[in-house]
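Reading the structure
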Amino acid sequence: MPDAIMRVWRGDATGGAFKEYRVPTDEGMVVLDVIHKIQATQANDLAVRWNCKAGKCGSCSAEVNGRPRLMCMTRMNLFPAGEPITVAPMKTFPLIRDLVTDVAFNFGVAKTVPAFKPGRSEADGTFRMMQQDIDRGQEFHKCIECFLCQNVCHVIRDHPENMPAFAGPRFFVRLAALEMHPMDTDSRAEYLRLKAGLAFCNITKCCTEVCPEHIHITDNAIIPLKERVVSEYYDPVAWLLRKLVGK
Amino acid sequence: MPASELAATATLRKDTWWLEPLLIVLGLGGFVVYTTWAALQGAHYEYQNYLSPFYSPTLTPSWWPWSPAILILWGPAGFRLTCYYYRKAYYRSFWWSPPACAVRDAHGAYTGETGFPLILQNIHRYFFYVATAFLIFLWYDAIYAFIFDGRFGIGLGSIIMVVNVALLSMYSFSCHSCRHLCGGCLDKFSSSPLRYRLWRMVTTQNESHMLWAWLSLVSVALTDVYIRLLSMGIIRDARFF
């Protein structure tokens with residue numbers, strides 16, 4: 001197989017450049033394998049965050065040829081042989097070094113999400129849920145927190161000034177899981193509207209496009225949450241029904 | 001190269017990311033131009049028992065001097081304008097916000113749908129109600145298209161009209177607001193089994209909402225073109241029965 005031509009971002013917050021490496025490859029290699037080979041043979045100080053190499057830990061997020069991807073799940077034969085492949089760090093988050101970014105923004109948002117608030121348990125102290133009530137939430141629990149959806153979302157990617165007012169797609173998935181939980185008693189409509197900035201999302205679906213777990217973030221989490229916020233704040237008929245029925 | 005320069009790069013994508021927005025501009029833009037022209041004509045919108053969907057229901061009050069289509073098209077136009085799929089399509093293609101994933105947004109500041117006028121997108125479910133009312137008229141027209149001089153018959157126009165209204169129905173009832181109203185708003189499906197079944201049916205079609213949006217967009221324009229050409233005497237209707 002011909003050598004891969006890798007253009008890898010090298011540098012830190014103060015500056016850097018794309019540096020080119022020629023790497024012998026074998027069949028079946030993924031981008032992370034090639035990055036590891038560079039690290040082992042040509043650039044021992046290349047910083048890259050990784051852990052499972054199986055698409056489940058969400059550590060090796062980067063931008064390969066400009067597309068947000070998990071490096072461990074991106075096969076080299078996806079790219080035309082002999083053409084340079086660009087590997088850059090996630091653009092949305094502050095750069096620490098090389099391919100490693102500081103994703104602490106997400107942990108800060110996570111702390112603000114109103115927690116699960118269960119109702120009263122049954123007489124024997126347990127909860128019983130029907131299968132159809134929890135099926136919908138299973139999809140949301142697949143999230144591996146790779147933060148590729150947060151990285152690609154233009155609300156904060158191109159407008160970092162929105163970060164204090166916008167939770168981002170990963171947390172809309174979390175909020176959808178809580179809101180649709182059959183045992184949860186809390187309403188997060190106010191949080192979604194005022195704190196999480198749900199209305200910033202213009203549903204352009206990039207989060208869904210890059211999700212390595214194929215979660216339908218926009219259709220199954222964000223839009224249903226938008227509809228719940230509409231019922232709560234923008235729908236006079238729903239408001240009237242709530243007043244009359246008391247729900 | 002400062003790291004800020006890397007962040008300022010419009011995109012590092014090498015694929016043809018511009019193709020999809022370009023096709024949508026051509027498709028949606030072409031439809032809007034044709035619909036506007038057809039709606040302003042106020043003529044050649046019916047032929048025998050066929051009625052163009054742009055003119056159904058036909059309202060012709062004596063005080064209205066312009067085309068009757070203008071009185072009604074706000075309904076279906078509002079439904080499509082506030083539709084979650086079309087929002088994605090035109091925010092990306094016409095407004096470049098963003099033009100494609102991981103391609104820089106074309107605007108210096110961004111507030112999304114937080115303020116006027118885009119906050120009005122929240123009335124989508126009301127346009128869904130309006131669009132459903134329009135479907136009743138369109139189904140009536142489609143059935144009436146099988147009645148030629150008081151007798152049952154089938155023309156190419158009858159088939160076109162029934163296919164068109166079927167596609168419009170699939171588009172309307174696969175809508176995200178419809179999905180929410182049918183059962184998506186519930187937390188406990190087990191307590192409302194009928195609504196759960198309905199939600200599952202709508203969910204299945206909702207996965208193809210984009211497809212229904214485009215097919216119905218094309219069909220509604222083609223139906224008008226066919227009836228217009230018949231009315232202008234340019235073509236003749238094929239009768240099968």
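These numbers were taken from a predicted model, which means no experiment stands behind them.

So, about the pattern of salt bridges. Per the stated rule, a full pass over the model turns up 23 salt bridges over all chains. Salt-bridge contacts for A:Asp45 lead to A:Arg10; the nearest nitrogen and oxygen are separated by 3.1 Å. With A:Asp45 in the loop between helix H1 (31-41) and strand S3 (61-64) and A:Arg10 in strand S1 (residues 4-12), this residue pair connects regions lying 35 residues apart in the sequence. With its nearest N and O atoms 3.1 Å apart, the salt bridge here joins B:Asp224 to B:Arg228. Taken together, the residues B:Asp224 and B:Arg228, both in helix H10 (residues 209-231) and four residues apart, mark about one turn of the helix. Across the pair, B:Arg228 and B:Asp224 agree in class, each one buried. In this structure, a network of salt bridges that share partners links the residues A:Arg67, A:Glu209, B:Arg13, B:Asp15 and B:Arg92.

Residues and elements named next belong to chain A. Domain boundaries assigned for chain A yield domain 1 (4-101) and domain 2 (104-245). For domain 1 and domain 2, the distance between their C-alpha centroids amounts to 31 Å. Across the boundary between the two partners, domain 1 contributes 15 residues, which contact 18 residues of domain 2. Between domain 1 and domain 2 lies a buried interface of about 1200 Å² when both sides are counted; carbon and sulfur atoms form 57% of it. In terms of surface lost to domain 2, no three residues of domain 1 exceed Pro68, Thr92 and Phe93, which account for 45% of the buried area on that side. Our count for the contact surface shared by domain 1 and domain 2 stands at three salt bridges.

Of all hydrophobic cores here, the largest spans 75 residues; its most connected members are A:Met6, A:Val31, A:Ile35, A:Ile38, A:Met71, A:Val87 and A:Phe172. Two domains share this core, each providing at least three of its residues, namely domain 1 (4-101) and domain 2 (104-245) of chain A. With residues up to four places along the chain from it excluded, the contact list for A:Ile35 reads A:Val8, A:Leu46, A:Val48, A:Met71, A:Val87 and A:Leu99. By size, the runner-up hydrophobic cluster in this structure holds 38 residues, among which are B:Ala69, B:Tyr91, B:Leu135 and B:Cys178.

Before going further, it helps to examine a nonpolar patch on the surface. Residues A:Val237, A:Trp239, A:Leu240, A:Leu241, A:Leu244 and A:Val245 make up a contiguous nonpolar surface patch of roughly 640 Å² in combined accessible area. Here A:Val245 lies in helix H10 (residues 236-245).

On the side of chain A, 57 residues touch chain B, which itself brings 50 residues to the contact. Carbon and sulfur atoms supply 53% of the area that chain B and chain A bury against each other, a total of about 4500 Å² over both sides. For the chain B face of the interface with chain A, the top three residues by lost area are B:Tyr84, B:Tyr110 and B:Asp187, together amounting to 15%. Between the two partners, chain B and chain A, sit six salt bridges. When the shortest N-O distance is used, the salt bridge between B:Asp15 and A:Arg67 registers 3.1 Å. Where chain B touches chain A, the interface holds 34 residue pairs in polar contact (both at pLDDT 80 or more). Among the elements of the structure, helix H1 (3-8), helix H5 (84-93), helix H6 (124-144), helix H8 (176-184) and helix H9 (193-206) of chain B are those that each provide at least two residues to the side of chain B that touches chain A.

The rules behind each value
- Along each chain, residue indices are assigned from 1 in the same order as the chain's sequence is written.
- Lettering for chains starts from A, numbering for ligands starts from 1, and both go in the order in which the items are written.
- Confidence filtering applies because this is a predicted model: local features only for residues at pLDDT of at least 70, side-chain atom pairs given and counted only at 80 or more, and all residues used for totals across whole chains, interfaces and linings.
- Working from all heavy atoms in the structure, the side-chain values ignore hydrogens and water.
- Here, a salt bridge means any Lys or Arg side-chain nitrogen found within 4 Å of an Asp or Glu carboxyl oxygen.
- Strands are runs of DSSP state E lasting at least 2 residues, helices are runs of H or I lasting at least 4, and numbering of each runs from the N terminus.
- Burial classes follow relative accessibility: with a 1.4 Å probe on protein chains only, a residue under 20% of its type's maximum area counts as buried, one over 50% as exposed, and anything between as partly exposed.
- In this document the domain limits rely on a domain assignment from an automatic tool or a database.
- It only takes one pair of heavy atoms within 4.5 Å for two residues to be counted as in contact.
- In short, buried area is how much 1.4 Å probe accessible area vanishes from two parts on joining, totalled over both.
- We call a set of buried residues a nonpolar core when its members are Ala, Val, Leu, Ile, Met, Phe, Trp, Tyr or Cys and they connect through side-chain atoms within 4.5 Å of each other.
- Without a salt bridge and with relative accessible area above 30%, a residue can belong to a patch; like charges are then joined within 9 Å and nonpolar side chains (Val, Leu, Ile, Met, Phe, Trp, Tyr) within 5 Å.
- For the accessible areas, the method is Shrake-Rupley and the probe is 1.4 Å, while residue cover comes only from the protein chains on display.
- Here a polar contact is recorded for every N or O atom pair within 3.5 Å, except that within protein the pair must consist of a potential hydrogen donor and a potential acceptor, and residues adjacent in sequence are included only if both atoms are side-chain atoms.

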